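Coordinates in review
Now for the letters of each chain:
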Amino acid sequence: MGEFVIKRDLYLNKLIRKKNNGSIKIITGLRRSGKSYLLNNLYYEYLLSEGVKKEQIIKLALDDDRNREYRNPDNLSKFLYSKITNETDKFYFLLDEVQFAISDEEIKSKEPIRLYGILNGLLRLKNVDVYVTGSNSKFLSSDIATEFRGRGDLIHVNPLSFAEFYSVYKNGDKYDAWDEYSAYGGMPMLLGLETDEEKAEYLNNLFKNTYIKDIIERNNLRGDVAIDTLVDVLASSIGSLNNPTKIAKTFASNGIKTADKTISTYVDYLLDAFLIRKATRYDIKGRKYINSPFKYYFSDVGLRNARLNFRQQEQTHIMENIIYNELVMRGFNVDVGIIEHVVRDENGKRTTKHLEIDFVCNKGNQRYYIQSAFSIPNIEKMAQEQASLDRIDDSFKKIIITQDRTKLWRNEKGYVIMNVLDFLLKENSLEL
């Protein structure tokens, strides 16, 4: 990351809280989102500051060609155990990109993977604490849940939030930072690039040569153009309702015949790679989930924009995507709210309408209803944004987030209206 030092305290504090808890700390997330930096720089420096000696911290990067011999499970096991020189000192293993110790043959054979056995074996030693990072191509969260059988402690690292990005932004005020972030997103390596051309090239290469390549190789999709087309369709429709049938029709209109089941499987591949996230609709009055259609958001808006060659810069949808990512990062379960209400036409005929709340956010006993409104220029627009909130009959807090440059205020109904930058930059913004 060059001269930039990004603290990433949210994730660092999670690691600190989980220190010596008897589980393997598994740092996962979108590739190039800063997992290795978190472990090998930030957490390593923390351990040193706590008085842990350097010889008690064993760092091993398996993606480094100089360490290729340790990609062999037998060699890796011998190396790790050789570093435990006594039974009294605590030894901390920081293992980076451990998927390099998983062979394609092991994956294809469906037999137990040796790496997981080695890591589970280390758990039996009282003076060992293990931390690993793994990329998504061979080290998916679904694999982890199965292989570690509850003994793995997962920490999901996201691309930089806007607050993290702004903390090291040097080219203007927060509004300039917002323009930059909403265009190019929060992949950490972007902070070392100067020109728009360099940033666009980096994001495009990352998408093509890392993410899509990983998915194709892992799932044997060589020669299949559907995954590329699917990414384009989802990128063009962030925040819109989608399901496999609807996407298949879009494919057909472009001359690509693909079954609904295939599309559903490919969507799962993108979800497992952490490229996209899925928001499920929730019927607020009926208190039940609606299985289809869903909304999809990109884990990083810069990657989404790059995928479309920065042609579709709809600020309304981009802002909504950024708000969604922020809420997920803050630990909320985020759904799309649906509320039904009955209206009568001029002839007295009753019809049921569905109004939408952009985000229903739950964490423990907390709940917030949030609308993302790019701008509220007049009374009519305010009434439109409030319509769904007005029909919620519980007392949880209702918030409208806008890009209008306004100080936080409450309207006559008690709804909070706040600027998107205030929401993103203040940790306690939802409590104000």
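The structure displayed is predicted, hence computed values, not measured ones.

On a plain count of helices and strands, the chain comes out with 16 helices and 14 strands. Relative to the compact-globule value of 22 Å for 432 residues, the chain shows a C-alpha radius of gyration of 24 Å, a close match. Considering only C-alpha atoms, the chain reaches an extent of 85 × 50 × 45 Å along its principal axes. Restricting to contacts in the chain with at least 6 residues of sequence separation, those with at least 24 account for 67%. Looking at the chain as shown, the accessible area adds up to about 20,800 Å², and 46% of this sits on carbon and sulfur atoms. Looking at charge distribution, the chain has the averaged site of its 64 positive side-chain charges lying 4 Å from that of its 61 negative ones.

Read from one edge of the open sheet, 9 strands run 6-8-7-9-10-11-12-14-13, paired in mixed fashion. The sheet terminates laterally at strand 6 (241-242) and strand 13 (409-410), the two strands that pair on one side only. As defined by bridge partners, strand 11 (residues 366-373) adjoins strand 12 (residues 397-402) across 6 bridges and the pair is classed as parallel. For Tyr369, the partnering residue across the bridge sits in strand 12 and is Lys398.

Formed by 41 residues in total, the largest nonpolar core has its most connected members in Met187, Leu230, Leu270, Leu275, Ile276 and Leu303. Of all elements in the fold, only helix 8 (174-184), helix 9 (196-218), helix 10 (226-236), helix 11 (244-253), helix 12 (260-272), strand 8 (288-298) and helix 13 (301-307) reach the threshold of two or more residues within this core. The element contributing the most residues to this core is helix 9, with 8 residues. For Leu275, the contacting residues outside a window of four places in its chain are Leu30, Phe207, Tyr211, Ile215, Leu270, Tyr297, Phe298, Ser299 and Leu303. Within the second largest apolar cluster, 35 residues are counted, among which are Ile6, Met319, Phe332 and Ile401.

Scanning the model with the defined rule gives 17 aromatic pairs in all. Ring centres 5.4 Å apart and planes at 50° place the aromatic pair Phe165 and Tyr181 in the tilted group. Of this pair, Phe165 sits in helix 7 (residues 162-166) while Tyr181 sits in helix 8, and the two are 16 residues apart along the sequence. Tyr181 matches Phe165 in its accessibility class, with the two residues each being buried.

Turning our eyes to something else, we now look at the sheet that holds strand 2 (residues 57-61). Ordered by their spatial adjacency, 5 strands build an open sheet running 2-3-4-1-5, and the pairing between neighbours is parallel. Across the chains shown, the open sheet's two edge strands, defined by having one partner strand only, are strand 2 and strand 5 (152-157). In this sheet, neighbouring strand axes are inclined to one another by 15° on average, regardless of whether the strands run parallel or antiparallel. Packed on one face of the sheet, helix 1 (residues 9-18) meets strand 1 (24-29), strand 4 (128-133) and strand 5 and runs near 170° to strand 5. The strands that helix 5 (residues 114-122) touches are strand 1, strand 3 (91-96) and strand 4; relative to strand 4, the one it contacts most, it runs at about 150°.

On to unusual backbone geometry, then. Between Ser292 and Pro293 the backbone carries a cis peptide bond, its omega angle lying at -5°. By the element assignment, Pro293 lies in strand 8. Not every positive phi belongs to a glycine, and Asn309 is a case in point at roughly 55°. Topologically, Asn309 is positioned in the loop between helix 13 and helix 14 (315-329). If you check the backbone angles, Phe310 has positive phi at about 60° while not being a glycine. Tracing the backbone through its elements, the reader meets Phe310 in the loop between helix 13 and helix 14. According to the relative accessible area criterion, Phe310 is partly exposed, its value standing at 22%.

Moving on: the pattern of salt bridges. Going through the model one piece at a time under the given rule, you end up with 16 salt bridges. A salt bridge links Lys25 to Asp129, with the shortest nitrogen-to-oxygen separation between them at 2.5 Å. Here Lys25, found in strand 1, pairs with Asp129, found in strand 4; they are 104 residues apart in sequence, far enough to count as distant. In this structure, Lys381 engages Glu385 in a salt bridge whose closest nitrogen and oxygen atoms are separated by 2.9 Å. In this pair, Lys381 and Glu385 are both assigned in helix 15 (residues 379-390), 4 residues apart and thus about one turn of the helix distant. The class of Lys381 is partly exposed, set by a relative accessible area of 22%.

Attention now goes to a negative patch on the surface. On the surface, Glu194, Asp196, Glu197, Glu198 and Glu201 cluster together into a negatively charged patch. Positionally, Glu201 belongs in helix 9.

About the thresholds
- Residues numbered from 1 in each chain as written.
- Predicted model: local features only at pLDDT ≥ 70, side-chain atom pairs only at ≥ 80, totals over all residues.
- Heavy atoms only, no water.
- Helix = DSSP H or I, 4+ residues; strand = E, 2+ residues; numbered from the N terminus.
- Rg over C-alpha atoms; globule rule 2.2 N^0.38 Å.
- Contact = heavy atoms within 4.5 Å.
- Areas by Shrake-Rupley, 256 points an atom, 1.4 Å probe, with all protein chains shown as cover.
- Lys, Arg positive; Asp, Glu negative; His and termini not counted.
- Charge placed at Lys NZ, Arg CZ, Asp CG, Glu CD.
- Pairing = 2+ DSSP bridges.
- Core = buried A, V, L, I, M, F, W, Y, C linked by side-chain atoms within 4.5 Å.
- Buried < 20%, exposed > 50% of the residue type's maximum accessible area, 1.4 Å probe, protein only.
- Phe/Tyr/Trp six-rings, centres within 6.5 Å; stacked < 30°, edge-to-face > 60°.
- Axes fitted to C-alpha atoms, helices over the stretch in contact; angles between N-to-C directions.
- Salt bridge = Lys/Arg side-chain N within 4 Å of Asp/Glu carboxyl O.
- Patch = residues over 30% accessible without salt bridge, like charges linked within 9 Å, V, L, I, M, F, W, Y side chains within 5 Å.

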